[in-house]
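# Observations on chain architecture
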Amino acid sequence: MPDNTFTKWLCACVAIIASSSLTASPRERVDLNNDWRFYRYADNQQADALIYDTRPAVEGFNDSQAADTRPTDAVSISSQADILKPWILPSGNAFIDDPAKRHTRPAGNPGEDFPFVQHDFNDADWQAVTLPHDWAIAGPFYTGDNPKVGGGMGRLPSHGVAWYRKQFTLSDTDKGKQIYLHIDGAMSYSMVWLNGKLVGGWPYGYSSYRLDLTPYVSTTRPNQLAIRLDNPPQSSRWYPGAGIYRNVWLEKTSPVHVSQWGTQVITPHVTAESADISIKTGLTNNTSSARTVTMQHAIYELSVDDQLSRTPVQTLTSEIVTVQPGRDQTSTSFTKLANPKLWGPAPQQTPHRYAVVTTLKENGSVLDQYTTAFGIRDLQFDPNKGVFINGEHIPLQGVNQHHDLGALGAAFNLRAAERQLEILQEMGVNAIRMAHNPPAPELLTLTDKMGILVLNESFDSWYKKKTPLDFHLIFADWHEQDLRALVRRDKNHPSVIMWYIGNEVGEQYTGEDGAKVALALKAIVKSEDPTRPVTASMNWAKADFPFSAAMDLISLNYQGEGIRQAPEFEGTNRIRTPPSYPAFHKAHPDKVILSSETASAFSSRGIYLFPVTPEFSAPVRDGRGGDSRIHQVSSYELHAVDFGSSADKVFRYIDTHPYVAGQFVWNGFDYIGEPTPYYSARSSYSGMIDLAGFKKDRFYLYQSQWRPDLPMAHILPHWNWQGREGEITPIHVFTSGDEVELFINGESKGRKKKAPLEYRIRFDDIRYTPGIVEVVAYKDGKPWAHDRVETTGPAAALSVSADRKVIHADGHDLSFVTVDIVDEAGRFVPTATHNIAFTLSGPGRIVATDNGDSTDFTPFVSHQRNAFSGKVLVIIQSENHHSGDIVLTSTNKELGTTSLRIRSK
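Heads up: these notes are all about the structure in this document. Because the structure is predicted, anything quoted here is derived from the model rather than measured.

## Some details on the sheet that holds strand E8 (residues 209-212)
One open sheet holds the four strands; their spatial order is E1-E10-E5-E8, and the pairing between them is antiparallel. At either end of the open sheet lies a strand with only one pairing partner, and these are strand E1 (28-31) and E8. Sheet twist, expressed as the average angle between the axes of neighbouring strands with direction ignored, equals 25°. Pairing between E1 and strand E10 (residues 248-253): four bridges, direction antiparallel. In the sheet register, Asp31 faces E10, and the bridge partner there is Trp249.

Listed below in structure tokens is the structure:
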């Protein structure tokens, strides 16, 4: 295996594969993630004055305001004279369509005298880090009232100014090549110096971007990179992460080469017998004269581990192209592929992939070779039935996902992201919405491979603001560049089926003016990719609004099942909307309708509060599903945020309106920040899966509906209720069957069928008595599934298991270890809260621990943690190039010690 690690190799992938398995190419992609130095100004330090732009003062912002609070107008400010914005804006010129609107770089070199950008600055006392890196995730958390970073952004120190420095060397063989720096994501306002020269930057922390280092590099001495980040406080409604939190690459090419994200593969007509394929290729000529090149495309099958087939399945006729100097131009080729292997979502279909390898030659010598992964699929939208892929109706069973990876923070890790997707697929998810920003590029490679549909989203705000320092500050200057960059980067992913240009933006409220902004953004997307629909999520715009009419399809947040329709919300000034599917379907009969956010139900795993509401959907208040003393929400899964609904209610409205294409639940995994309803906590309560990746009861409710052919039954609550003997303790059952019989200590408590439009079976009159609770589920009158919970003895031992006991010795791969507290008989004790300490030997390290408790402020990097509802998670990472046995030891003075062995190879 080359120096690029196995994990990076999987995700960087096809460009490397092309250059290593086909004709030698001058294009080289170098991993720049290692050997960085990092420095962050402390809270009590004055940061340097190398600012992108002047920002408004922040006064009186309520971090805990409801998520559907109406966005407000931007604050008018004047920029000071010494800002660096004029030097940064030209970095986006390639993504501005109108040449007259592109930016001219001023004379001068801001920051040239600042020590951090100099070759001879001594950074030996700076922290040594490896990218991707999230400086905030180690904590400590801010606690108490009026913290510097509040619950909305996760109470972690993500704010502030920081610098990264790294040296790299080039050789004589690199003379005459183009040298590019690729940054997949840096949070935020990143600005880059090389050898003391300001190269450029990009403000939006979620965008991937490229800078041309060629004018500034040296092939005779080490090159010094210096990158400044400035992450504002009160700039996000969730945890944004901090640092260079995605991968960074150095790319070397011939001066004549395929442009950045320069190929677009479209399959305009697809059947089982044949597929028409259009390949549009952008070519760049950075020389001073016209160059005539031969371009040839070859199509290969692409395996799940990114290997090209031994021989191409189609080789196109070579083309002669003359590329004019100092400019980009495009060329389009066409072919037809017989009997294509189609890409489709799992489990109904198989996500087959292809790759087109584009080779440029001049006088017989290879100038460039560029590989583009793609899939062949037919995508259709029916306003009365929903989404059809390859002729098959695919109901959208989706969730929303924020970008953090739990205790690992925002720093992207391929295995952590894969694990999340695996758990979601186990639940029955076939689609995810990227909430509310561009994802890591490797995540889309995973969704392509795993057959998961994607709604790809750009912005959470436009001109109007949700938080004082959010994207609205740069929207006017950067929306075109950010939007084009997203579409160009991701347009060839077959998993992407829609583009989202905004989420609950304030322009919903501004009539024709808001619709005009939406149409302008949609036009940008359509000019880059005419093949997919474009929309924005609407939580307030009504069916007859011009904003709704501007969309290719109708994407509703919570409006389908109604918002705040309970009597207690009458007379309030919050959004109140009746169930709205029929109104939108009548007003827009030619458009598909889907729910891009539903439910926003919430719960704390393993916490059950009494009494249990008789309603099937209810808000949370003290004594009604919530407890503000302990900041926990009941896991009976009947409660939601004030503007939301329970899963049961959403299923009812989806099932009674069959023209709705599907739903995207808020949300799949708990995420850091936005801890509604208790903003003194650190992380959300709304996931079906908690922050540690442990399944909540709601996971099984969705599984029972989304995997109807899977025999399953799930009982809640647990049955350890010492002190509740004789008290009403309802038992609910989630099952893919249609009938269950309940037994307590062998005695039948009755057999019940699901009523129409009911999604759980309730036994609400059960009085607690210790022992064994069992259910037998039936389907069509036949035994279908079984579940059992029982009263356990006291905690007596630790039980340890790993999701993978063999990992790669690449310095990135992970093993997620679950520690369960059990009694003498080995039965899980769901109420245990013991503190567990962890030590590790061998070629690995403990990178984080967690327990899924939204109120736990123990730093994620701690090697000891209290169990929450009987469980603790330990995340172990391998060491690069060091194989052998990793031994995790878990200890509690009452429960003893246990060890687990993991092989790193």
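## With respect to the packing of aromatic side chains
For any two aromatic rings, the description comes down to two numbers: the centre-to-centre distance and the angle of the planes. Evaluated as defined, the whole model comprises 46 aromatic pairs. Between Tyr39 and Phe116, the ring centres sit 5.7 Å apart and the planes meet at 75°, which makes this aromatic pair edge-to-face. On the criterion of sequence distance, the pair formed by Tyr39 in strand E2 (residues 36-40) and Phe116 in the loop between helix H3 (85-88) and strand E3 (127-129) is long-range, its members being 77 residues apart. Where Trp462 meets Phe475, the ring centres are 6.3 Å apart and the plane angle is 20°; that geometry is what we call stacked. A residue pair is termed long-range when its members are at least 10 positions apart, and Trp462 in the loop between strand E24 (453-457) and helix H6 (472-490) and Phe475 in helix H6 qualify at 13 residues. A residue is classified by how much of its surface remains accessible, and Trp462, at 0% relative accessible area, is buried. For Phe475, a relative accessible area of 0% puts it in the buried group.

## Structural notes on helix H10 (residues 647-655)
When we look at burial in H10, the residues that qualify are Ala647, Asp648, Lys649, Val650, Phe651 and Ile654. Turning to H10, the residues buried within the fold contact helix H9 (581-587), strand E28 (593-599), strand E34 (660-666) and helix H11 (697-706).

## A few points about H6
With 19 residues, H6 should cover 27 Å at 1.5 Å per step; its first-to-last C-alpha distance of 24 Å lies more than 12% under that length. At Trp478, H6 shows its strongest bend, of approximately 80°. Buried residues dominate H6, accounting for 15 of its 19 residues.

## Let's talk about the pairing of strand E20 (residues 386-389)
Where strand E19 (residues 379-382) and E20 come together, four bridges link them in antiparallel fashion. Bridging from a neighbouring strand, Asp382 pairs with Gly386 of E20. The hairpin turn running from E19 into E20, its antiparallel successor, is three residues long. Bridge count for E20 against strand E21 (residues 392-393) is two bridges, and the pairing is antiparallel. Bridging across to E21, Phe388 finds its partner in His393. If you look at the hairpin formed by E20 and E21, you'll find two residues sitting between the two strands, and Asn390 has a positive phi there, around 55°.

## A closer look at the sheet that holds strand E27 (residues 554-557)
Hydrogen bonding along the main chain pairs the strands of a sheet, whether they run parallel or antiparallel. Within the closed barrel, the eight strands sit side by side as E22-E23-E24-E25-E26-E27-E28-E34. Their pairing is parallel. Each strand of the sheet is rotated relative to its neighbour by a mean of 25°, with strand direction disregarded. Pairing analysis gives four bridges linking E27 to E28, with the strands arranged parallel. The partner of Leu556 across the bridge, within E28, is Ser595. Against the sheet, H10 makes contact with E28 and E34, and its axis sits at roughly 170° relative to E34, the strand it touches most. Against the sheet, H11 contacts strand E22 (396-401), E28 and E34, and its axis sits at roughly 165° relative to E34.

## Quick word on the pairing of strand E38 (residues 747-753)
Relative to E38, strand E37 (residues 739-744) runs antiparallel, the two being bridged by six bridges. In the strand pairing of E38, Ile744 is matched with Glu747. Hairpin connection from E37 to E38: two residues lie between these consecutive antiparallel strands, with Asn745 at a positive phi of about 50°.

## Notes on the packing of H10 against H11
Put simply, H10 and H11 touch, their axes get as near as 11 Å, and they point 20° apart. With respect to each other, H10 and H11 are oriented roughly parallel. Handedness of the crossing formed by H10 with H11: right-handed. Here H10 contributes Ala647, Asp648 and Phe651 to the contact with H11, which in turn contributes Leu701, Tyr702, Gln705 and Trp706. The residue makeup of the contact of H10 with H11, split by class, is five nonpolar, one polar and one charged.

## Here we look at unusual backbone geometry
If a residue is not glycine, its phi is most likely negative; likewise, a peptide bond is most likely trans. Pro132 follows Leu131 through a cis peptide bond whose omega is -10°. Within the fold, Pro132 resides in the loop between E3 and strand E4 (160-168). Looking along the chain, the bond that leaves Leu716 and enters Pro717 is cis, with omega of 5°. Tracing the chain through its elements places Pro717 in the loop between strand E35 (713-716) and strand E36 (731-735). Positive phi outside glycine occurs at Gln234, with the angle close to 50°.

Quick notes on the rules
- Residues numbered from 1 in each chain as written.
- Predicted model: local features only at pLDDT ≥ 70, side-chain atom pairs only at ≥ 80, totals over all residues.
- Heavy atoms only, no water.
- Pairing = 2+ DSSP bridges.
- Helix = DSSP H or I, 4+ residues; strand = E, 2+ residues; numbered from the N terminus.
- Axes fitted to C-alpha atoms, helices over the stretch in contact; angles between N-to-C directions.
- Phe/Tyr/Trp six-rings, centres within 6.5 Å; stacked < 30°, edge-to-face > 60°.
- Buried < 20%, exposed > 50% of the residue type's maximum accessible area, 1.4 Å probe, protein only.
- Contact = heavy atoms within 4.5 Å.
- Expected span 1.5 Å × (residues − 1).
- Bend = angle between axes of the 7 residues up to and from the residue.
- Parallel < 35°, antiparallel > 145°, perpendicular 65-115°, else oblique.
- Left-handed = near helix turned anticlockwise from the far one by under 90°.
- Nonpolar A, V, L, I, M, F, W, Y, C, P; charged D, E, K, R; others polar.

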